[in-house]
Amino acid sequence: MTRRPPDEIETMAELRVSIDAIDDALMDLLAERFRHTDRAPALKAREGIAARAPGRVQAVLDHVRSKATDRDVDPEVVAEMWRIMIEAVIAQEEAVIGTGGRDG
């Protein structure tokens, strides 16, 4: 379903319906992202990569900041959202594989 541009929406009720639809789409993408990150502990353990990889974290944050800027979205808000996701994933990985390994 194609959403109408925000400037064509005339009521708060319509706007809320549109925002809810966007939230549903975002949830689908987040679920897909987490299914992918759920695979990381096994691969990192096999490849000897540490759960916490500061270089990779910085690269991801730089990437999302750049993409946010390209889309006229506050890059620091986006980076903070990603930082929360990244820390949750790292905590899960550390619970599975520990903190050893190389940065990667």
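Nothing here was measured: the structure is a model prediction, and the numbers come from that model.

S.K.: Sorry, what's going on with the overall build of the chain here?
M.R.: For the chain, the count of helices and strands is 4 helices and 0 strands. In the chain, the succession of helices and strands from N to C terminus is α-α-α-α. Rg of the C-alpha trace for the chain: 18 Å, well past the compact-globule value of 13 Å for 104 residues, more than 25% over. For the chain, the spread of C-alpha atoms along the three principal axes comes to 55 × 25 × 20 Å. Taking all 104 residues of the chain together, the buried fraction comes to 22%. Long-range contacts, defined here as pairs at least 24 residues apart, represent 65% of the contacts in the chain between residues at least 6 apart. Accessible area of the chain: about 7500 Å², with a carbon and sulfur share of 58%. Taking the 15 positively charged and 21 negatively charged side chains of the chain as two groups, their mean positions are separated by 7 Å.

S.K.: Would you mind showing me how to read a negative patch on the surface here?
M.R.: A cluster of acidic side chains, namely Asp20, Asp23, Asp24, Asp28 and Glu32, defines a negative patch on the protein surface. Structurally, the position occupied by aspartate 24 is in helix H1 (residues 12–37).

S.K.: Looking at this structure, how should I read the side chain of lysine 44?
M.R.: Tracing the sequence through the fold places lysine 44 in helix H2 (residues 40–47). Given the relative accessible area of 16%, lysine 44 is considered buried. A distance of 2.7 Å separates the side chain of lysine 44 from the side chain of glutamate 93, its partner in a polar contact. In this structure, lysine 44 is in contact with Ile49, Ala50, Ala51, Glu93 and Ile97, ignoring residues within four places of it in sequence.

S.K.: Please clarify how the packing of helix H3 (residues 54–70) against helix H4 (residues 75–97) should be interpreted in this entry.
M.R.: Two numbers describe a pair of packed helices, the interaxial angle and the distance between the axes. It is at 9 Å that the axes of H3 and H4 come closest, and there the two elements cross at 150 degrees. Accordingly, the angle class assigned to the pair H3 and H4 is roughly antiparallel. Between H3 and H4 lies a crossing whose hand is right-handed. Of H4, the residues touching H3 (which contributes Val57, Val60, Leu61, Val64, Arg65, Ala68 and Thr69) are Pro75, Glu76, Val78, Ala79, Trp82, Arg83, Ile86 and Ile90. The residue makeup of the contact of H3 with H4, split by class, is 11 nonpolar, 1 polar and 3 charged.

S.K.: Help me understand the environment of phenylalanine 34, please; the structure alone is not making it clear to me.
M.R.: Position of phenylalanine 34 relative to the elements: it lies in helix H1. Relative accessible area serves as the criterion here: at 29%, phenylalanine 34 is assigned to the partly exposed category. Note: C-alpha distance between phenylalanine 34 and aspartate 62 (28 residues apart in sequence) is 20 Å. When near neighbours in sequence (up to four residues on either side) are disregarded, phenylalanine 34 contacts Met85 and Val89.

S.K.: So what exactly am I meant to see when it comes to unusual backbone geometry here?
M.R.: Outside of glycine, negative phi angles account for most residues, and trans bonds account for most peptide bonds. The phi dihedral of aspartate 72 falls on the positive side, at around 60 degrees, and the residue is not glycine. Mapped onto the elements of the fold, aspartate 72 is located in the loop between H3 and H4.

S.K.: Just to check I follow, could you spell out the nonpolar core for this structure?
M.R.: Nonpolar side chains in soluble globular proteins generally cluster together in the buried interior. In this structure, Val57, Val60, Leu61, Ala79, Ile86 and Ile90 together form the largest nonpolar core, which totals 6 residues. Of all the secondary structure elements, the ones that give two or more residues to this core are H3 and H4.

What counts, and where the lines are drawn
Residues numbered from 1 in each chain as written. Predicted model: local features only at pLDDT ≥ 70, side-chain atom pairs only at ≥ 80, totals over all residues. Heavy atoms only, no water. Helix = DSSP H or I, 4+ residues; strand = E, 2+ residues; numbered from the N terminus. Rg over C-alpha atoms; globule rule 2.2 N^0.38 Å. Buried < 20%, exposed > 50% of the residue type's maximum accessible area, 1.4 Å probe, protein only. Contact = heavy atoms within 4.5 Å. Areas by Shrake-Rupley, 256 points an atom, 1.4 Å probe, with all protein chains shown as cover. Lys, Arg positive; Asp, Glu negative; His and termini not counted. Charge placed at Lys NZ, Arg CZ, Asp CG, Glu CD. Patch = residues over 30% accessible without salt bridge, like charges linked within 9 Å, V, L, I, M, F, W, Y side chains within 5 Å. Salt bridge = Lys/Arg side-chain N within 4 Å of Asp/Glu carboxyl O. Polar contact = N/O pair within 3.5 Å; in protein donor to acceptor, adjacent residues only side chain to side chain. Axes fitted to C-alpha atoms, helices over the stretch in contact; angles between N-to-C directions. Parallel < 35°, antiparallel > 145°, perpendicular 65-115°, else oblique. Left-handed = near helix turned anticlockwise from the far one by under 90°. Nonpolar A, V, L, I, M, F, W, Y, C, P; charged D, E, K, R; others polar. Core = buried A, V, L, I, M, F, W, Y, C linked by side-chain atoms within 4.5 Å.

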